[in-house]
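Overview (structure and organization)
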Amino acid sequence: MRLHDVKPQKGSKKRKRRVARGISAGQGASAGLGMRGQKSRSGSSTRPGFEGGQQPLYRRLPKLKGFPRINQKIYTTINVEKLASLPANTEVTLTSLKAAGILTAVKGSLKILGNGELSIPLKVQAAAFTGSARSKIEAAGGSCEVL
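Residues numbered from 1 in each chain as written. Predicted model: local features only at pLDDT ≥ 70, side-chain atom pairs only at ≥ 80, totals over all residues. Heavy atoms only, no water.

1. Observations regarding the overall build of the chain
- Counting its secondary structure elements, the chain contains 4 helices and 6 strands.
- Along the chain, from the amino end to the carboxyl end, the secondary structure elements read α-β-α-β-α-β-β-β-α-β.
- In terms of overall size, the chain is more extended than a compact globule, its C-alpha atoms giving a radius of gyration of 38 Å where 147 residues would be expected to give roughly 15 Å.
- Along the three orthogonal principal directions, the C-alpha set of the chain runs to about 105 × 50 × 20 Å.
- For the chain, with 147 residues in total, the buried portion stands at 21%. (Helix = DSSP H or I, 4+ residues; strand = E, 2+ residues; numbered from the N terminus. Rg over C-alpha atoms; globule rule 2.2 N^0.38 Å. Buried < 20%, exposed > 50% of the residue type's maximum accessible area, 1.4 Å probe, protein only.)

Next up, the structure:
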């Protein structure tokens, strides 16, 4: 065997597809792109995400930060440590806290958070309690009532 005898194995080399070079080439006339239409034209096809002029999905969705929550509950929050300044066995509501000057602005219903310590018993009426706030109020001898 000499160098000029070396040939590729039969069937391993396939001829290049010659599109749009006449009927005899096998891909004549439309070059395998079908008949008319946007995808049969020369040049590149549409860009990724193009929806034929309709506003594309990536532009219809809000940018960053996710979607706004519909009917979101807005609370006026206060920590347990602020309630420690009240006298014992006081009934704590949103209006009583505003009257005592502990709250200045009321944004929504009252929610009690659990930051700080409480040593006096209180009767707290609020729309929501965190688990730690509820346990601290009840450990001090008070009661929690959900409105």
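Having put the structure on the table, let's press on.
2. Here's the deal with the environment of P56
- Within the secondary structure layout, P56 lies in the segment before α1 (57-60).
- On a C-alpha basis, the gap between P56 and G43 in space is 22 Å, while along the polypeptide they are 13 residues apart.

3. Thoughts on the nonpolar core
- Core analysis: the biggest nonpolar cluster contains 19 residues, and L83, L97, I112, L118, L122 and V124 have the highest contact counts within it.
- Broken down by secondary-structure element, the contributors of at least two residues to this core are α2 (80-83), β3 (109-113), β4 (123-126) and α4 (131-139). (Core = buried A, V, L, I, M, F, W, Y, C linked by side-chain atoms within 4.5 Å.)

4. Examining the sheet that holds strand β6 (residues 143-146)
- The sheet built from 3 strands is open, its strands ordered β2-β4-β6 with parallel pairing. For this open sheet the edge positions go to β2 (91-92) and β6, each flanked by a neighbour on one side alone.
- Sheet strands in contact with α4 are β4 and β6, and its direction is about 135 degrees off that of β6. (Pairing = 2+ DSSP bridges. Contact = heavy atoms within 4.5 Å. Axes fitted to C-alpha atoms, helices over the stretch in contact; angles between N-to-C directions.)

5. Comments concerning the pattern of salt bridges
- According to the stated counting rule, one finds 1 salt bridge in the structure shown.
- A salt bridge links R60 to E51, with the shortest nitrogen-to-oxygen separation between them at 3.8 Å. (Salt bridge = Lys/Arg side-chain N within 4 Å of Asp/Glu carboxyl O.)

6. Some thoughts on the sheet that holds strand β5 (residues 128-129)
- What the 3 strands build is an open sheet, ordered β1-β3-β5; its pairing is parallel. Lying at the two open borders of the sheet, with one neighbouring strand each, are β1 (75-79) and β5.
- The pairing of β3 with β5 spans 2 bridges and is parallel. Bridged to I112 within β5 is F129.

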